[in-house]
Amino acid sequence: MGTIVPLQITVNGQPQEVPVEPRQLLVHYLRDTLGLTGSHVGCDTSNCGACTCLVDGESVKSCTVLAVQCEGAQVTTIEGMTGADGELHPLQQGFWDEHGLQCGYCTPGMIMAAADLIERHGPGPISEEDVRAGIEGNLCRCTGYHNIVKAIQAAAEKMSGVPA
Amino acid sequence: MSTIEEAPAKHVGQSLRRKEDPRLITGRAQYVDDITLHGMLYMAVVRSPEAHARIVSVDGAAARAMPGVTAVYSGEDLSDLVAPLPMAWAPPGVEMKMPERWPLARGTVNHVGDAVAMVVGEDKYAVADAAQAVQVEYEPLPVVVDVEEALKDEVLVHESLGTNKTHEWTMGGGDVDAAIAQADVVVERRIVNHRIAGAPIEPRGVIAEFRAGSLTVWSSTQVPHLLRLFFAVQMGIPEDHVRCIAPEVGGGFGGKLQVCAEETLCAWASKQLGRPVKWIETRSENMAVSHHGRDQVDYVRMAATSDGTITAFHANIIQDCGAYFGLLTPMIPELGAFVMTGCYKIPNVRTDITGVLTNKYITDAIRGAGRPEMTHMLEVMIDQLAAELGMDAIELRRKNFIAPEDFPYQTPYGITYDSGNYAATLDRALEMLDMEAFRSEQAALRDQGILRGVGFSTYTEICGLAPSRAVGPKGFGLGIGLYESALIRVHPTGTVTVFTGASPHGQGHETGFAQIVADRLGTDPASVEVIHGDTATGPMGLGTYGSRSLSVGGVAAAHAAEKLAQKCKEIVAFNLEANVDDIEVSSGRFSLAGDPDQGMSLAEVAGCAYIDASAMPENMELGLEQTLIYDPSNFVFPFGAHVCVVDIDAVTGKVDVVRWIAVDDCGPAINPMLIDGQVHGGVAHGIGQALYEQVVYDERGQLVTGTFMDYALPTAEEIPSFELDRTETPSPSNSLGVKGIGEAGTIAATPAIVNAVIDALQHEGISYIDMPLTPLRIWQALEEARGRGDGPKATEQGQPLPSQAEGSAGSGPTQPEGGAA
């Protein structure tokens, strides 16, 4: 175990000041240091996206980012998507309503990637083609993506105030 | 056979949202890697970079001296293990040469990734570092990778066995050779069903804690009870001192239907060190040492009369087992052989299977397990035969279908198909396709350089494993029966816990089983909690695989609930001073027939059973709890028709799946939404195999596809939206009438794609191409067909085409140049 360096970071709105090994991956910092185990590790090569979270609003694969690279950043994980009163985010609701998950392992990353996709797209319905292109960096082995696409489209419409 | 009972269907049949989901969508689920125990150590495995070598020495001194390292062990250290890793199939009368497989290699390594040593330490980064510091000296041995080369026994994988051929097994009915000799038309093909990975997004993971003489293991497994049994055998620990828990499991697809070296290593190390030990598989490890699937070379013959009556079907299967046997390795092709006749009346059939060892990782059950391979052969051959006969492939199917009135239908193998209406699913699929419109689109697109094709696959498969007497030690030779258990406990407040021996990993048991039980106990699924995957909580169970959970485990739950409901009715009748036969379950209550105001809720009944004995009939046992083991009377045989439409770029050879129509029949639906989800995922798995996925080893046995960078799992951009429908033909084999659906899509998918691609290319003179149908293979076939066949012969990875693919890429000859008959 090597040197330890300071790190100031805000995760799901909570400021954190736990020092880290410089080589520690963001996903291990989130999971092992902060106990936020909703971000998952599914590959070594940033292909699967199960570890996706938002850093300053943009989706990143947290297995390919060092925690120290996030100095001063605002990080949002799947745990931060649920409201304080337990209210589900429209994406979480969409995945539940549309059966957009089976084993659930890819789901947090899928939801975080979709959050970024919807944010970048702006208000209004998103075409199936755009959703599929937008989540091609996240792998799912269970669902064949069919219901994931529907879930994201439903959430996008709900978030735009357009009736689904 | 039991009759179909009219259950009070209130929740059954509804697409209820899943009870599992709230924890999964909020990041609160607990997979193995999410569990941390006090004092927990981490384990990393030192793996062989050689495909075949003698281990000269293992030196762990440098690793041991590194900070945070607790211990380093090699194979010799584990000499106290009582038994090697298990293989659970010993068919009566079949001579089998079985290589021993130990958790750490002893003497030789036999595939890349073979475990040589383990490092245990305080921190996962520390053990990863230290594993690289373990010095292993290897003396390389000759390597054999190609399965047909291995059959020549020029290079032996295990010298002590004296051969690479592990066993031969034949199953058949009628007289194939005579039928072929008399046939008007015989079509022969060499079909390669290439090696694929299960690739669940959660890799495997284990935590083992040996404490005060008892072992607790958390594993990402499909079979916690089998694990407990084998831990007891391997480590010599009494079974009652072993507890296995499958927590949240992030997908399995057969890949976690295994008893794994790493599970034993963690348990053994925990026993040595007195602390819990955790191992989490990396994706690179998952690609190398989580078992692979398929990998057969199939020499297939189909014979028919000139009017299209199929008279014989013969498959000579050469199975690449890899370097060892996994839990079920040699059994996989046999499972396919059970449904060799598919949907058709074929009087003469035979499957000859040869198991072969190579210096690659083991193959074992991956989604469908033998049935995708057999269905692929059969459904591809139907189209090949139709082309040979100059007959429409759909008409050829119809002509040979087993008719609805033929059920129960006994195949030449002696298997009894339970029920079916194959034409109904095909008719509906054709209606959804609109063939006339398709053919005009096909013609129009061809002018634009897009080759459109349509392919069909009408399948039936065997699942619902299984009648224990038929498959057990004195039957088919499995080391255990395949019953399933349920324990239902109604609590004093009327809420319900169902313990099932099935062990899901995404299928939705907690919802579907709750629907079944709620209806029978007059309550709501929200009040029914389903507990699974813990050997300490429920009765012995066999796990989740082979599309068995609902038709075996679900039926167990239904029967247990029905027994409890009967007890509830007796309690209600006692309290209402009514006849028990007049009590019915309706509107969520047990009430008097014709007078629903007279009745009791489940909570009120439970109150009697636990709190007020005076409200119980005299001599009735207190409490509301029922344990039940259900052993099915027969397998179940789901079926359906899948239609695939592809577009092929005539310049690049790239295939796009543009439509997928599936009409499946798995009996009456418990939760239609869950069925659709299984079909979506199953078909996607098949599309992956047919177009993109392939585990590739080079000629030295090096794994070329070691990560998701090289192993092409399909993304959302490669998979189409699905057009689904269902018919419902109940199975007479169980009281719910249900069949399985988890593997059906995968079983149906690959031949539909191959047939569609051939449909798109046949006007170019291309009659057959093996999977995976990569742009390169299709481009090469087009070049050859157009008389420019001198293009490069290489895989997408830049490797020479594996030799098993060479013979069949391109427009294959009608008569192959012999096989290993």
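Residues numbered from 1 in each chain as written. Chains lettered and ligands numbered in written order. Predicted model: local features only at pLDDT ≥ 70, side-chain atom pairs only at ≥ 80, totals over all residues.

Overview of the overall build of chain B
Inclusion rule: In this description a helix means any DSSP run of H or I spanning at least four residues, a strand means any run of E spanning at least two, and both kinds are numbered starting from the N terminus. Throughout, radius of gyration means the C-alpha value; the globule benchmark is 2.2 Å times the number of residues raised to the power 0.38. Using C-beta atoms placed from the backbone, we call a residue buried if 20 or more other C-beta atoms fall within 10 Å of its own, exposed if 12 or fewer do, and partly exposed for counts in between. Each residue gets a C-beta atom placed from its backbone, and two residues are in contact if those atoms lie within 7 Å.
A count of helical and extended segments in chain B gives 21 helices and 28 strands. Taking 28 Å as the expected radius of gyration for a compact globule of 821 residues, we find that chain B reaches 27 Å, a close match to that expectation. Taken over the C-alpha atoms alone, chain B extends approximately 90 × 75 × 50 Å along its principal axes. By the burial criterion, 60% of the 821 residues in chain B qualify as buried. A separation of at least 24 residues holds for 81% of the contacts in chain B among residues at least 6 apart in sequence.

Points about helix α12 (residues 422-433) of chain B
Residue and element names in this part refer to chain B. Quick reminder of the rule: One less than the number of residues in a helix, times 1.5 Å, gives the span that helix is expected to have. The arc in question is the one traced by the directions running from the helix axis out to the C-beta atoms.
Taking 1.5 Å of rise per residue, the twelve residues of α12 would be expected to cover 16 Å, and the 17 Å separating its terminal C-alpha atoms lies within 8% of that figure. What α12 keeps buried is the set Y422, T425, L426 and A429. Axial view of α12: buried residues confined to an arc of 95°, hence all on one face. Contacts from the buried residues of α12 go to α11 (393-400), β18 (450-460), β26 (639-649) and β27 (655-665).

Considering the pairing of strand β12 (residues 277-280) of chain B
Residue and element names in this part refer to chain B. As a reminder of what qualifies: A strand pair is defined by DSSP finding two or more bridges across the two strands.
Covered by surrounding structure in β12 are V277 and W279 together with K278 and I280, the residues of both alternating faces. Pairing between strand β1 (residues 41-47) and β12: two bridges, direction parallel. Across the sheet, residue L41 finds its bridge partner in β12, namely V277. Inspection of the sheet shows strand β9 (residues 205-211) paired to β12 by four bridges, in the antiparallel sense. Residue pairing for β12: A208 is matched across the bridge by V277.

Here we look at the environment of A126 of chain B
Of note, A126 of chain B is situated in helix α3 (residues 124-133). Among the residues examined, A126 of chain B registers 19 C-beta atoms within 10 Å and is labelled partly exposed.

What about helix α17 (residues 602-610) of chain B?
Residues and elements named next belong to chain B. Within the sequence span of α17, burial applies to L602, V605, A606, C608 and A609. With its buried residues spanning 155° around the axis, α17 presents them on a single face. In this structure, the buried side of α17 is in contact with β19 (484-490), α15 (509-521), α16 (549-576), β23 (589-592) and β24 (595-600).

Brief notes about the interface of chain A and chain B
Basically, it comes down to this: Under the grouping applied here, Gly and all other residues not named as nonpolar or charged are polar, the nonpolar ones being Ala, Val, Leu, Ile, Met, Phe, Trp, Tyr, Cys and Pro and the charged ones Asp, Glu, Lys and Arg.
Contacts between the two partners involve 45 residues from chain A and, on the opposite side, 46 residues from chain B. Those elements giving two or more residues to the side of chain A that touches chain B turn out to be α2 (90-97), α3 (107-121), α4 (128-134) and α5 (146-159) of chain A. The residue inventory of the side of chain A that touches chain B, partitioned by class, reads 21 nonpolar, 17 polar and seven charged.

Remarks on the packing of α3 of chain A against α5 of chain A
Residue and element names in this part refer to chain A. Test applied: All axes are obtained by fitting lines to C-alpha atoms, using only the stretch in contact for helices, and the reported angles, taken between N-to-C directions, cover 0 to 180 degrees. Should an angle fall under 35 degrees it is called roughly parallel, over 145 degrees roughly antiparallel, and 65 to 115 degrees roughly perpendicular, with every other angle called oblique. Helix crossings get a hand from a simple test, with the near helix turned counterclockwise from the far one by less than a right angle marking a left-handed crossing and a clockwise turn marking a right-handed one.
The N-to-C vectors of α3 and α5 enclose an angle of 45°; their axes lie 11 Å apart at closest approach. One element, α3, and the other, α5, form an angle in the oblique class. Handedness of the α3/α5 crossing: right-handed. Note on element contacts: α5 touches α3 through I148, I152, A155, A156 and M159, opposite M110, A114, I118 and H121.

Description of the domain arrangement of chain A
All names here are of chain A. Worth spelling out the cut-off: These domain boundaries are the output of an automatic or database domain assignment.
Segmentation of chain A into domains returns domain 1 (9-80) and domain 2 (90-159). Here the C-alpha centroids of domain 1 and domain 2 sit 20 Å apart. Tallying the contact residues gives 16 residues for domain 1 and 13 residues for domain 2. Put simply, the parts of the chain that give the side of domain 1 that touches domain 2 at least two residues each are β3 (52-55) and β4 (58-61). The greatest single-element share of the side of domain 1 that touches domain 2, amounting to three residues, is contributed by β3.

Describing the sheet that holds β12 of chain B
Residues and elements named next belong to chain B. As summarised here, the arrangement of the seven strands in space is β3-β5-β1-β12-β9-β10-β11, forming an open sheet in which the pairing is mixed. Of all strands in the sheet, those bounded by a partner on one side alone are β3 (69-74) and β11 (242-245). Between one strand axis and the next, the sheet turns through 20° on average, direction left out of account. Across the sheet, α3 is in contact with β1, β3 and β5 (115-121); its angle to β1 comes to roughly 25°. Those strands touched by helix α7 (residues 261-273) are β1, β3, β5, β9, β10 (214-219) and β12, and its axis lies near 30° from that of β9.

A word on the domain arrangement of chain B
Residue and element names in this part refer to chain B. What the domain assignment lists for chain B is domain 1 (21-28 + 484-630), domain 2 (32-141 + 203-249 + 256-289) and domain 3 (191-196 + 290-465 + 634-806). Just the C-alpha atoms count here: the centres of domain 1 and domain 2 sit 40 Å apart. The interface of domain 1 with domain 2 comprises 13 residues on the first partner and 14 residues on the second. Class assignment for the residues of the side of domain 1 that touches domain 2 results in four nonpolar, eight polar and one charged.

With respect to the packing of α2 of chain A against α3 of chain A
Axis angle and axis distance: for two packed helices, these are the angle between their axes and the distance between the axes, and together they describe the pair. All names here are of chain A. Across the interface, α2 lies against α3 with an axial gap of 10 Å and an inter-helix angle of 130°. Judged by the angle between their axes, α2 and α3 are oblique. Note on packing geometry: the crossing formed by α2 with α3 is right-handed. Here L91, Q92 and F95 of α2 come into contact with α3, specifically with T107, I111, A114 and A115. Looking at side-chain class alone, the contact of α2 with α3 contains five nonpolar, two polar and no charged residues.

A look at unusual backbone geometry
F407 of chain B connects to P408 of chain B through a cis peptide bond whose omega is -5°. In this fold, P408 of chain B is placed in the loop between α11 and β16 (409-410). Residue P772 of chain B is bonded to the preceding M771 of chain B through a cis peptide linkage, with omega at -10°. Mapped onto the secondary structure, P772 of chain B falls in the loop between α19 (744-761) and α20 (775-785). The residue D56 of chain A is not glycine, and still its phi comes out positive at about 50°. With respect to the helices and strands, D56 of chain A occurs in the loop between β3 and β4. Since 12 C-beta atoms lie within 10 Å of it, D56 of chain A is described here as exposed. Even without glycine at this site, D295 of chain B takes up a positive phi of about 65°. Mapping D295 of chain B onto the fold places it in strand β13 (residues 292-304).

Quick word on the sheet that holds strand β2 (residues 53-59) of chain B
All names here are of chain B. Reading across the sheet, the three strands line up as β4-β2-β6 and stay open at both edges, with antiparallel pairing between neighbours. With partners counted over all chains shown, the strands left at the sheet margins are β4 (108-109) and β6 (135-140), one partner each. Pairing analysis gives six bridges linking β2 to β6, with the strands arranged antiparallel. Its bridge partner being in β6, R54 is matched across the sheet by E139.

Remarks on the nonpolar core
Residues and elements named next belong to chain B. To keep it simple, the criterion reads: The term nonpolar core means buried Ala, Val, Leu, Ile, Met, Phe, Trp, Tyr and Cys residues held together as one set by C-beta atoms within 7 Å.
Of all hydrophobic cores here, the largest spans 311 residues; its most connected members are M43, M118, V119, V517, I753 and V757. With 13 residues, α16 is the single largest residue contributor to this core. Apart from residues lying up to four places away in sequence, I753 is in contact with G455, C644, V646, I687, A690, L691 and L773.

Let's talk about the environment of Y483 of chain B
Residue and element names in this part refer to chain B. In this structure, Y483 sits in the loop between α14 (468-471) and β19. Judged by C-beta crowding, with 22 C-beta atoms within 10 Å, Y483 ranks as buried. With 15 residues separating them along the chain, Y483 and S468 place their C-alpha atoms 6.2 Å apart. In this structure, Y483 is in contact with S468, L542, I629, Y630 and D631, ignoring residues within four places of it in sequence.

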